[in-house]
Amino acid sequence: MNAPVIAVDYTVLDCPDPAALARFYSTILGWEPVRDDGDWVVVHGPGELRLAFQKAPDFTPVDWPNDGIKIHLDFVVDEMERARDFVVEAGATLIDDAHESFWVYRDPVGHIFCLCKRD
């Protein structure tokens, strides 16, 4: 059987306020907002990279570390401390800085993301 062409379109984060969460990620990544339909907001990065934010009024973040991490975003940075200060000022919460090569954060609604030291 020949495999069909399947490509990634969006990475989608459910959240109670798509516009607010899109502003957070647009701020920390420097990406441009390109679509706002109220319940669906998109920011666009380099090339074809896009993050979408979908309204989910009943969104509940995982109870990390008890629930584990079901899915998360990894971002690479050159300066861990400077990046930490920037994302925390933008609204993130640092939840684990015990590792040398990555630190774990929550975005303003509770999604997990990591800032990873660039190799």
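One numbering rule holds for all chains: residues counted from 1, following each sequence as written. Since the coordinates come from a predicted model, pLDDT governs what is reported: local features require at least 70, and pairs of side-chain atoms require 80 or more to be given and counted, while whole-chain, interface and lining totals use all residues. Excluded from the side-chain calculation are hydrogens and water; included are all heavy atoms of the structure.

**Re the pattern of salt bridges**
A pair can form between side chains of opposite charge whenever their charged atoms are brought close.
(1) Moving on: Each salt bridge in this description consists of a side-chain nitrogen of Lys or Arg and a carboxyl oxygen of Asp or Glu lying within 4 Å of one another. Enumeration according to the criterion identifies five salt bridges in this entry.
(2) Moving on: The residue R50 makes a salt bridge to D9 at a minimum N-O spacing of 2.1 Å. With R50 in strand β4 (residues 50-55) and D9 in the segment before β1 (11-15), this pair connects stretches of sequence that are 41 residues apart.
(3) Moving on: Per-residue accessibility, obtained with a 1.4 Å probe over protein chains only, is compared with the maximum for each type, and a residue is labelled buried under 20%, exposed over 50%, and partly exposed between these values. Judged by its relative accessible area of 21%, R50 falls in the partly exposed class.
(4) Moving on: A salt bridge links D78 to R118; the nearest nitrogen and oxygen atoms lie 2.7 Å apart. Remark: R118 occurs in the segment after β8 (112-117) and D78 occurs in the loop between β5 (73-77) and α2 (80-90); sequence separation between them is 40 residues.
(5) Moving on: Under the relative-accessibility criterion, D78 is labelled exposed at 55%. Secondary structure elements are taken from DSSP: a helix is a run of H or I of four residues or more, a strand is a run of E of two residues or more, and numbering for both begins at the N terminus.

**Section: helix α1 (residues 18-29)**
(1) Moving on: Expected helix span is taken as 1.5 Å per residue step, with the number of steps being one fewer than the number of residues. For α1, spanning 12 residues, the distance from its first C-alpha to its last is 16 Å, which sits close to the expected 16 Å at 1.5 Å a residue.
(2) Moving on: Turning to α1, its buried residues number three or more, namely P18, L21, A22, F24, Y25, S26 and I28.
(3) Moving on: Just past α1, the residue G30 takes up positive phi, approximately 75°.

**Let's talk about α2**
(1) Moving on: Among the residues of α2, those classed as buried are M80, A83 and V87. Within α2, the buried residues cover an arc of 65° as seen down the axis, which keeps them to one side. Turned more than 90 degrees from where α2 packs its buried face, R82 and E89 sit exposed.
(2) Moving on: The contact criterion used throughout is that any non-hydrogen atoms of two residues lie within 4.5 Å. Buried-residue contacts for α2 involve α1, β5, β7 (102-106) and β8.
(3) Moving on: Following α2 by one or two positions, G91 adopts a phi angle in the positive range, close to 130°. Regarding the arc, it is the one traced by the directions from the helix axis to the C-beta atoms.

**Description of the side chain of S26**
(1) Moving on: With respect to the helices and strands, the residue S26 is situated in helix α1.
(2) Moving on: Accessibility expressed as a relative area gives 14% for S26, which makes it buried.
(3) Moving on: For the purposes of these results, a polar contact is taken to be a pair of N or O atoms within 3.5 Å, where, inside protein, one atom must be able to donate a hydrogen and its partner to accept one; residues adjacent in sequence count only when each atom of the pair is a side-chain atom. Here the side chain of S26 touches W31 through a polar contact of 2.4 Å, landing on its backbone oxygen.
(4) Moving on: Discounting chain neighbours no more than four positions away, the residues touching S26 are W31, E32, P33 and V43.

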